[in-house]
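# Results of the structural survey
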Amino acid sequence: MPATSSRKPYRVARSRTGLGLFATREIKKGTRIIEYFGRMLDCKIKEQDEIENKYLFELNGRWTIDGSVRRNIARYANHACRPNAESDVQPRNRKVYIQAIKTIQPGDEITYDYGKDYFNSYLKPIGCKCPHCENKRKIARAEARVAKKRAKARAEKRALKKMNGHALNGHAVLDKGRKGAKAR
Ligand SMILES: [Zn+2]
């Protein structure tokens, strides 16, 4: 169905963390991009409650969407801490949509915040790879490098001072000796 797919403003492509969802044309802020689609799980049914995978989207205390199905293209949208989209959760309709929270340019990766629970159980242990966190790590590494350089410079300065200090003391003793010699 090429006619259908070309109407969609996104495509799946390689991202920094495997695959991701990318805009193929400008997506205006507020646009509903894609539905997060999957099997509805009822937590009151034991075998459904026991299903565990990375694509579960909790609607409310009872219902969860299992988005691990292949048809759910929205599952390719990666997490970001400073995203350009968000999930519009509609528990009553049992629907979740991903919509743009800013205007997205063609070629930009479409991302949304997966939420605290997901972040803490899946991303925190391995380190979030979103651009914001990568950048934070880069800055931290650069600062650590500068701090290390400064510490080294301080240590060298201290060592030099100590050496000069010894030399000076030596002179002082010598001067005193001379003075003493003159006085006598
Ligand atoms: Zn992040």
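So, here's what we can say about the structure. Note that the structure is predicted; figures quoted are calculated from it, not measured. (Residues numbered from 1 in each chain as written. Predicted model: local features only at pLDDT ≥ 70, side-chain atom pairs only at ≥ 80, totals over all residues.)

### Concerning the overall build of the chain
Our working rule: Only runs of H or I of at least four residues qualify as helices and only runs of E of at least two qualify as strands under DSSP, and these elements are numbered from the N terminus. Note on contacts: each residue gets a C-beta atom placed from the backbone, and two residues are in contact if those atoms are within 7 Å.
Each helix and strand counted, the chain has 4 helices and 10 strands in total. Sequence-ordered secondary structure for the chain, helices as α and strands as β, is α-β-β-β-β-α-β-β-β-β-β-β-α-α. Residue pairs in contact within the chain that sit at least 24 positions apart in sequence constitute 65% of those at least 6 positions apart.

### Focus: the sheet that holds strand β4 (residues 39-42)
We apply this condition: Note: two strands are recorded as paired if DSSP finds a minimum of 2 bridges between them. Axes here mean lines fitted to C-alpha atoms, for a helix over just the part in contact, with angles spanning 0 to 180 degrees between N-to-C directions.
Taken in spatial order, the 3 strands of this open sheet run β4-β6-β5, and their pairing is antiparallel. Each having just a single partner strand, β4 and β5 (56-58) make up the two edges of the open sheet. The sheet shows a mean angle of 30 degrees between the axes of neighbouring strands, taken without regard to direction. Relative to strand β6 (residues 63-66), β4 runs antiparallel, the two sharing 4 bridges. Looking across to β6, one finds that Asp42 is bridged to Trp63.

### Focus: the pairing of strand β1 (residues 10-15)
Bridge analysis of β1 against strand β2 (residues 18-23) gives 6 bridges, and the strand direction is antiparallel. For Ala13, the partnering residue across the bridge sits in β2 and is Gly20. The antiparallel pairing of β1 with β2 creates a hairpin that spans 2 residues between the two strands.

### Comments concerning unusual backbone geometry
As a reminder, the rule being used: As a rule, residues whose C-beta atom has 12 or fewer other C-beta atoms within 10 Å are exposed, those with 20 or more are buried, and those in between are partly exposed; C-beta atoms are placed from the backbone.
Not every positive phi belongs to a glycine, and Arg94 is a case in point at roughly 55 degrees. Turning to its location among the elements, Arg94 is positioned in the loop between β8 (85-90) and β9 (95-100). Taking the C-beta count within 10 Å as the criterion, Arg94 has 13 such neighbours and is therefore assigned partly exposed.

### With respect to the environment of Gln105
With respect to the helices and strands, Gln105 occurs in the loop between β9 and β10 (111-112). Using a count of 11 C-beta atoms within 10 Å as the deciding quantity, one classes Gln105 as exposed. Once the C-alpha coordinates of Gln105 and Ile27 are considered, the two residues, 78 residues apart in sequence, prove to be 6.6 Å apart.

### Concerning the environment of Tyr10
Positionally, Tyr10 belongs in strand β1. In this structure the C-alpha to C-alpha distance between Tyr10 and Ala74, which are 64 residues apart in sequence, comes to 9.9 Å. The contacts of Tyr10, once residues within four sequence positions are left out, are Leu21, Phe22, Ala23, Thr24, Ile33, Ile34 and Ile110.

### What to know about the nonpolar core
Using the following cut-off: As used throughout, a nonpolar core is a set of buried Ala, Val, Leu, Ile, Met, Phe, Trp, Tyr and Cys residues joined through C-beta atoms within 7 Å of each other.
In terms of nonpolar packing, the biggest core is built from 19 residues, with Tyr10, Ile33, Ala77, Ala85, Ile98 and Ile110 touching the most fellow members. Every element with two or more residues in this core is listed here: β2, β3 (32-35) and β9. Once residues lying within four places of it in the same chain are set aside, the contact partners of Ile98 are Ile33, Ile34, Tyr36, Ala74, Ala77, Ala85, Ser87 and Tyr112.

### Section: the environment of Pro83
Of note, Pro83 is situated in the loop between β7 (78-79) and β8. With 23 C-beta atoms counted inside 10 Å, the residue Pro83 sits in the buried group. Residues Pro83 and Ala100 lie 17 residues apart in sequence; the distance between their C-alpha atoms is 9.1 Å. Ignoring anything within four residues of it in the chain, the contact list for Pro83 reads Thr111, Tyr112 and Asp113.

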